[in-house]
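Residue-level structure breakdown
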Amino acid sequence: MSRSTFLHTEPAGKAVLAQILCEHIGDRETQIIQDELTAAAEPAGWRVAIDLSKVVFLPSSGLGMLVAIHNNAKSSKGKVAVFGVADDLMKMLKITHLDKLFSIKPDREAAIKAVS
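Computed from a predicted model, the values in this text were never measured in an experiment.

Digging into the overall build of the protein chain
In terms of helices and strands, the protein chain carries four helices and six strands. Shown N-terminal to C-terminal, the secondary structure of the protein chain runs as helices and strands in the order β-β-β-α-β-α-β-α-β-α. The principal-axis extent of the C-alpha atoms belonging to the protein chain is close to 30 × 25 × 25 Å. Within the protein chain, the proportion of its 116 residues that are buried is 45%. Look at the contacts in the protein chain between residues 6 or more apart in sequence, and 66% of them connect residues 24 or more apart. A distance of 9 Å separates the average location of the 14 positive side-chain charges in the protein chain from that of its 13 negative side-chain charges.

This is how it looks when you write it as structure tokens:
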């Protein structure tokens, strides 16, 4: 288990559960979160469930971070699922067509099951 100002991670069976703790993910937070997520995801074979329930603002750098995490998982034959996606954030994912890239699940259990 790991906890920082930006990210909390814990094992979830064969996967890792990662909760992003900051509401606004700017350029500074993006790199820190990506580094911490990578450090947690690699030992779990890139099977990651990401909780976005606290995130209210996700600019392009934050979206890029999620895409990079997805791409790392895919290239390592892992899986990423996100859950806790607020309505406004879901609208942004739909507008950018990233809703088709990510496995978006309704809750923690479904996300963990999707990546395990």
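That was the structure; now back to the text.
Details of the pattern of salt bridges
One pass over the structure, following the stated rule, counts one salt bridge. Note that Arg108 and Glu10 form a salt bridge whose closest N and O atoms lie 3.3 Å from each other. Note that Arg108 is positioned in helix H4 (residues 108–115) and Glu10 in strand E2 (residues 7–12), a separation of 98 residues in sequence.

Describing the nonpolar core
Where a protein is soluble and globular, its nonpolar side chains tend to be buried together. Formed by 30 residues in total, the largest nonpolar core has its most connected members in Ile20, Ile33, Leu37, Val48, Ile50 and Leu52. Only strand E3 (15–20), helix H1 (27–41), strand E4 (47–51), helix H2 (60–75), strand E5 (79–83) and helix H3 (87–95) provide two or more residues apiece to this core. The element contributing the most residues to this core is H2, with five residues. Membership of the second largest hydrophobic core comes to nine residues, among which are Ala15, Ala81, Ala111 and Val115.

Rules used in this analysis
Residues numbered from 1 in each chain as written. Predicted model: local features only at pLDDT ≥ 70, side-chain atom pairs only at ≥ 80, totals over all residues. Heavy atoms only, no water. Helix = DSSP H or I, 4+ residues; strand = E, 2+ residues; numbered from the N terminus. Buried < 20%, exposed > 50% of the residue type's maximum accessible area, 1.4 Å probe, protein only. Contact = heavy atoms within 4.5 Å. Lys, Arg positive; Asp, Glu negative; His and termini not counted. Charge placed at Lys NZ, Arg CZ, Asp CG, Glu CD. Salt bridge = Lys/Arg side-chain N within 4 Å of Asp/Glu carboxyl O. Core = buried A, V, L, I, M, F, W, Y, C linked by side-chain atoms within 4.5 Å.

This is a description of form; function is not addressed.
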